[in-house]
Amino acid sequence: MANDAQKIARLLQTLFRASRGKMSVGWMIALGVVVGGYLVFEPALEARLGVDLPGVHSPEEVDQNDTGQVVFKSDDQNAAQQTGQQTTKQTSTDAKALSKVLKEIGRDKFVSPAGILYTRGSRHGTRLKHLMAHAKDQPNRPGQHGVFNDSDAATVLLLIDEAYEQAISGQSTQKKTEGNRTIYTVHLGRTIGYIGGQSGARRRHPQARHVRLVLEGKKLITGFPVIP
Amino acid sequence: MPDPETPRMLYVGFCRMCGTGALGLRTCGGCAGVVVVCDECDVAWIDEDLSDPPATTGSETLPCPHCEASLYDPPSHWTTGDEVQQSDWLTHALDHNRLTLEVGQAFLPEANDPDEDLDRKDS
Ligand SMILES: [Zn+2]
Ligand SMILES: [Zn+2]
């Protein structure tokens, strides 16, 4: 929200140019109040309704470069990526080292505070390692690869718990079941990651506010940021 | 155990279950059958009928739909071009344009390692 004043000013400038200077000062002020109000309440509305509303803080900022080509910018995402590069946090995937978040309940079997089970599985060896492979982009992976903004395993685990608890409450959640699988797509109402992989790179890594959880019962199969 | 093999993967589209994973061709180490597996959510189909429910799903292992051997562990591996030619159902599906074959990079187990330079490895 720190850049909202700039964004309002930029939007008003654009509208003013579009009206070719015919807009009165009174109309400009009224428009500023309406746009400002929308900016403030848009995230809350999105979380409540479970939809992505258009907004100047939405996943990508569209601008024009010197040659008039449309380019996409994303301040929050760039900041997050820079923070990720500078941070000293390591992507720990040793479940035993995450004892503040995961409780060991059997051999290679851990449970999160919300009751999600993390077991062996996937080509990564464990579901935790698979999950944490979504804390880093894989630019050459075909299609989309959802990437969490935070690379700290405990933070990602708590985010998955938050999404799961919201999913079972039914709030801002799409649910799909097939066989023994349940797939939740949960709108968390804030940016939690971005879309990487080849498809994400082509779209300049749009920001994601949803998490998709694939579960078998309470066993996590995978979880990642997504734009539904 | 994750396999240490090359991450090159032949794939035939994307998974409708999770909406993300590439559908890789995997050769079973037990029966040498070629199956379709989602590289993200670990489900397997025996042929091109991908709108059918998956033949097997994996939580702790992903069993081969034909022989139940683990499709994760060696000697199971991503299907090679030669093995594509030897698979009757697959050549039939490709000949009749029911599937399109593409080549890409599998989801890397190594992506966890903060010291790994994936870009250099890929080039
Ligand atoms: Zn087999
Ligand atoms: Zn899948």
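In case you missed it, the structure is sitting above this.
The shown structure was predicted, so the numbers you read here are calculated from the model rather than taken from an experiment.

## Some remarks on the overall build of chain B
Okay, step 1: A count of helical and extended segments in chain B gives 3 helices and 7 strands.
Okay, step 2: Helices (α) and strands (β) of chain B occur, in sequence order from the N terminus, as β-β-β-β-β-β-α-α-β-α.
Okay, step 3: The buried share of chain B, reckoned over its 123 residues, is 53%.
Okay, step 4: The long-range fraction of contacts in chain B, counting pairs at least 24 apart against all pairs at least 6 apart in sequence, stands at 50%.
Okay, step 5: For chain B, the accessible area works out to roughly 5,500 Å², and carbon and sulfur atoms hold 48% of it.

## Observations regarding the interface of chain B and chain A
Often, the extent of an interface is quoted as the loss of accessible area upon association of its parts.
Okay, step 1: Facing 39 residues of chain B, the contacting portion of chain A comprises 38 residues.
Okay, step 2: Regarding the contact of chain B and chain A, the summed buried area is about 3,200 Å², with carbon and sulfur atoms giving 46% of it.
Okay, step 3: Across the pair Asp-39 of chain B and Arg-141 of chain A runs a salt bridge whose closest N-O atoms are separated by 4.0 Å.
Okay, step 4: Viewed at the interface, chain A and chain B are joined by 24 residue pairs in polar contact (both at pLDDT 80 or more).
Okay, step 5: The set of elements that each furnish at least two residues to the side of chain B that touches chain A consists of strand 1 (8–14), strand 7 (102–105) and helix 3 (118–122) of chain B.
Okay, step 6: It is helix 3 of chain B that provides the largest number of residues to the side of chain B that touches chain A, a total of 3 residues.
Okay, step 7: Its residues assigned to classes, the side of chain B that touches chain A shows 18 nonpolar, 9 polar and 12 charged.

## Considerations on the coordination of the zinc ion (ligand 1)
All names here are of chain B.
Okay, step 1: Cys-28 (SG), Cys-31 (SG), Cys-64 (SG) and Cys-67 (SG) make up the full set of protein donors to the zinc ion (ligand 1), lying at 2.3 to 2.4 Å.
Okay, step 2: Seen from the zinc ion (ligand 1), its 4 donor atoms lie at angles of 97 to 115°, and the figure they make is tetrahedral.
Okay, step 3: Going along the chain, you hit the donors of the zinc ion (ligand 1) in the pattern C-x2-C-x32-C-x2-C. Taken together, the positions of Cys-31 in the loop between strand 2 (22–27) and strand 3 (34–38) and Cys-64 in the loop between strand 5 (56–57) and strand 6 (77–78) put the pair 33 residues apart, joining distant regions of the chain.
Okay, step 4: Given the relative accessible area of 34%, Cys-31 is considered partly exposed.
Okay, step 5: By relative accessible area, Cys-64 is classed as buried at 1%.

## Looking at the coordination of the zinc ion (ligand 2)
Okay, step 1: Coordination of the zinc ion (ligand 2) by the protein involves Cys-15 of chain B (SG), Cys-18 of chain B (SG), Cys-38 of chain B (SG) and Cys-41 of chain B (SG), with metal-donor separations of 2.2 to 2.4 Å.
Okay, step 2: Look at Cys-38 of chain B and you get buried, because its relative accessible area is 2%.

## A closer look at the nonpolar core
Okay, step 1: Counting residues in hydrophobic clusters, the biggest one holds 30 residues, and the most contacted among them are Tyr-118, Leu-131, Leu-157, Ile-160, Val-211, Leu-213 and Leu-220 of chain A.
Okay, step 2: Of all the secondary structure elements, the ones that give two or more residues to this core are helix 4 (127–132), helix 5 (153–169), strand 8 (181–187) and strand 11 (210–216) of chain A.
Okay, step 3: A per-element tally of this core places helix 5 of chain A first, with 9 residues.
Okay, step 4: Apart from the residues within four sequence positions on either side, Tyr-118 of chain A is in contact with Leu-102, Asp-108, Lys-109, Phe-110, Ser-112, Arg-127, Leu-128, Leu-131, Leu-157, Ile-160 and Leu-220 of chain A.
Okay, step 5: Core analysis: the next-biggest nonpolar cluster, separate from the first, contains 24 residues, Val-214 and Phe-224 of chain A together with Cys-18 and Leu-50 of chain B among them.

## Side note on empty space enclosed by the protein
Okay, step 1: Summed over all chains, the structure comprises 3 cavities of 30 Å³ or more.
Okay, step 2: Around the largest cavity, the lining comprises 13 residues; the ones closest to its centre are Arg-123 of chain A together with Cys-38, Asp-39, Asp-42 and Tyr-72 of chain B.
Okay, step 3: A breakdown of the residues in the lining of the largest cavity according to their chemical character gives 6 nonpolar, 3 polar and 4 charged.

## Examining the packing of aromatic side chains
Okay, step 1: For the structure shown, the criterion picks out 1 aromatic pair over all chains.
Okay, step 2: A cation sits over an aromatic face here: Arg-141 of chain A above Phe-107 of chain B, 3.9 Å from the ring centre.
Okay, step 3: The ring of Trp-78 of chain B has Arg-26 of chain B sitting right over it, with the charged end atom 4.6 Å from the ring centre.

## Things to note about the environment of Gly-223 of chain A
All names here are of chain A.
Okay, step 1: Residue placement: Gly-223 occurs in strand 12 (residues 219–226).
Okay, step 2: Each C-alpha atom, one on Gly-223 and one on Leu-128, is 9.9 Å from the other, the two residues being 95 residues apart in sequence.
Okay, step 3: Not counting residues within four places of it along the chain, the set of residues in contact with Gly-223 comprises Leu-131, His-134, Phe-148, Ile-160, Arg-212 and Leu-213.

## Examining the pattern of salt bridges
Okay, step 1: Considering all chains together, one arrives at 9 salt bridges over all chains under this definition.
Okay, step 2: The partner of Arg-127 of chain A in a salt bridge is Asp-42 of chain B, and the shortest N-O contact between them spans 2.8 Å. Of this pair, Arg-127 of chain A sits in helix 4 while Asp-42 of chain B sits in the loop between strand 3 and strand 4 (43–45), on two different chains. Residues Arg-127 of chain A and Asp-42 of chain B agree in their burial class; the two are buried.
Okay, step 3: For Arg-190 of chain A, the salt bridge goes to Glu-162 of chain A, with nearest N and O atoms at 2.8 Å.

The rules we used
Residues numbered from 1 in each chain as written. Chains lettered and ligands numbered in written order. Predicted model: local features only at pLDDT ≥ 70, side-chain atom pairs only at ≥ 80, totals over all residues. Heavy atoms only, no water. Helix = DSSP H or I, 4+ residues; strand = E, 2+ residues; numbered from the N terminus. Buried < 20%, exposed > 50% of the residue type's maximum accessible area, 1.4 Å probe, protein only. Contact = heavy atoms within 4.5 Å. Areas by Shrake-Rupley, 256 points an atom, 1.4 Å probe, with all protein chains shown as cover. Buried area = accessible area lost by both parts, 1.4 Å probe. Salt bridge = Lys/Arg side-chain N within 4 Å of Asp/Glu carboxyl O. Polar contact = N/O pair within 3.5 Å; in protein donor to acceptor, adjacent residues only side chain to side chain. Nonpolar A, V, L, I, M, F, W, Y, C, P; charged D, E, K, R; others polar. Donors = N, O, S within 2.8 Å, 3.2 Å for Na, K, Ca; no water. Tetrahedral: all angles 85-135°; square planar, octahedral: opposite > 155°, others 65-115°. Core = buried A, V, L, I, M, F, W, Y, C linked by side-chain atoms within 4.5 Å. 1 Å grid on protein atoms, 1.4 Å probe; cavity = no way out; pocket = protein on both sides within 12 Å on 5 of 7 lines; lining within 4 Å. Points joined across faces, edges and corners; volume = space filled by probe spheres on them. Phe/Tyr/Trp six-rings, centres within 6.5 Å; stacked < 30°, edge-to-face > 60°. Lys NZ or Arg CZ within 6 Å of the ring centre and 35° of its normal.

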